[in-house]
Amino acid sequence: VITITKIFNFCAGHRLHLPEMSDSENFELFGACSNPAGHGHNYVLEITVSGNVDPKTGMIIDLKDLKDVVTREIIDQVDHKNLNCDVPWLSGKIPTTEVFADAIWQRLRENIFSVARRITLMKVVLRETPFNVVEIT
Ligand code: NI
């Protein structure tokens, strides 16, 4: 299998908080991530696709097309946003790295065909910090 990966950066804020629990219970579960005013991260998103190398172009996918669809469907919607309230496709979800990465995976799986038909989404890696990383395959 041959794959190609495009890497994106964006900034976003969030608060990890379950409304049915008290502030002290939330703090016990989520620590500083439950701070009432929220906090931000510099996220790194890695999108990996596979497909056949076109014999004419030598490419699996034009990376500009991959960049365009990820920028349109994900980056433009989350960059400099509050993940708890600004992003319709995260509405009602708790914006942990796991939940956020899964929402990105679902959204891209539905939309990646708009730029290239014979492409398979192989992997989404979301780095919330250099030390906290979620991978979906
Ligand atoms: Ni956080």
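Notes on the structure follow. (Residues numbered from 1 in each chain as written. Predicted model: local features only at pLDDT ≥ 70, side-chain atom pairs only at ≥ 80, totals over all residues. Heavy atoms only, no water.)

### Comments concerning the sheet that holds strand β2 (residues 39-50)
Spatially, the five strands line up as an open sheet ordered β3-β1-β2-β4-β5, and their pairing is mixed. Of all strands in the sheet, those with a lone pairing partner are β3 (81-82) and β5 (132-136), marking the two edges. Sheet topology note: the strand β1 (residues 3-14)/β2 ladder contains twelve bridges and is antiparallel. Within β2, the residue paired with Phe-8 across the bridge is Leu-45. (Pairing = 2+ DSSP bridges. Helix = DSSP H or I, 4+ residues; strand = E, 2+ residues; numbered from the N terminus.)

### Some details on the nonpolar core
Core analysis: the biggest nonpolar cluster contains 33 residues, and Leu-45, Ile-47, Val-70 and Phe-100 have the highest contact counts within it. Secondary structure elements with two or more residues in this core: β1, β2, α2 (63-78), α3 (97-111), β4 (120-129) and β5. Once you skip the residues sitting within four places of it in the chain, Phe-100 turns out to touch Phe-10, Tyr-43, Val-78, Leu-83, Trp-89, Leu-90 and Leu-126. (Core = buried A, V, L, I, M, F, W, Y, C linked by side-chain atoms within 4.5 Å. Buried < 20%, exposed > 50% of the residue type's maximum accessible area, 1.4 Å probe, protein only. Contact = heavy atoms within 4.5 Å.)

### Overview of the packing of α2 against α3
Direction vectors running N to C along α2 and α3 enclose 145 degrees, while the axes themselves pass 10 Å from each other. Helix-helix and strand crossings are classified by hand; for α2 and α3 the assignment is right-handed. Side by side, α2 and α3 meet where Val-69, Val-70, Glu-73, Ile-74, Gln-77 and Val-78 of the first sit next to Phe-100, Ile-104, Arg-107, Leu-108 and Asn-111 of the second. Residue classes in the contact of α2 with α3 are distributed as seven nonpolar, two polar and two charged. (Axes fitted to C-alpha atoms, helices over the stretch in contact; angles between N-to-C directions. Left-handed = near helix turned anticlockwise from the far one by under 90°. Nonpolar A, V, L, I, M, F, W, Y, C, P; charged D, E, K, R; others polar.)

### A word on the environment of Leu-83
Tracing the backbone shows Leu-83 in the loop between β3 and α3. Measuring from C-alpha to C-alpha, the distance between Leu-83 and Lys-56 comes to 42 Å, with 27 residues separating the pair along the chain. For Leu-83, the contacting residues outside a window of four places in its chain are Ala-12, Gly-13, His-14, Tyr-43, Val-78, Leu-90, Pro-95 and Phe-100.

### Some points on the environment of Val-53
Here Val-53 is to be found in the loop between β2 and α2. A residue is classified by how much of its surface remains accessible, and Val-53, at 41% relative accessible area, is partly exposed. As a C-alpha pair, Val-53 and Thr-3 span 50 residues in sequence and 9.7 Å in three-dimensional space.

### With respect to the side chain of Arg-15
Here Arg-15 shows up in the loop between β1 and α1 (23-30). The side chain of Arg-15 is buried and forms no salt bridge, while Asp-23, the nearest opposite charge, is found at 4.0 Å. A polar contact of 2.9 Å, which involves the side chain of Arg-15, links it to the backbone oxygen of Ser-34. At 3.4 Å, the side chain of Arg-15 and the backbone oxygen of Asn-35 are in polar contact. With near-sequence residues (within four places) excluded, Arg-15 lies in contact with Asp-23, Cys-33, Ser-34, Asn-35, Pro-36, Gly-38, Asn-84 and Pro-95. (Lys, Arg positive; Asp, Glu negative; His and termini not counted. Salt bridge = Lys/Arg side-chain N within 4 Å of Asp/Glu carboxyl O. Polar contact = N/O pair within 3.5 Å; in protein donor to acceptor, adjacent residues only side chain to side chain.)

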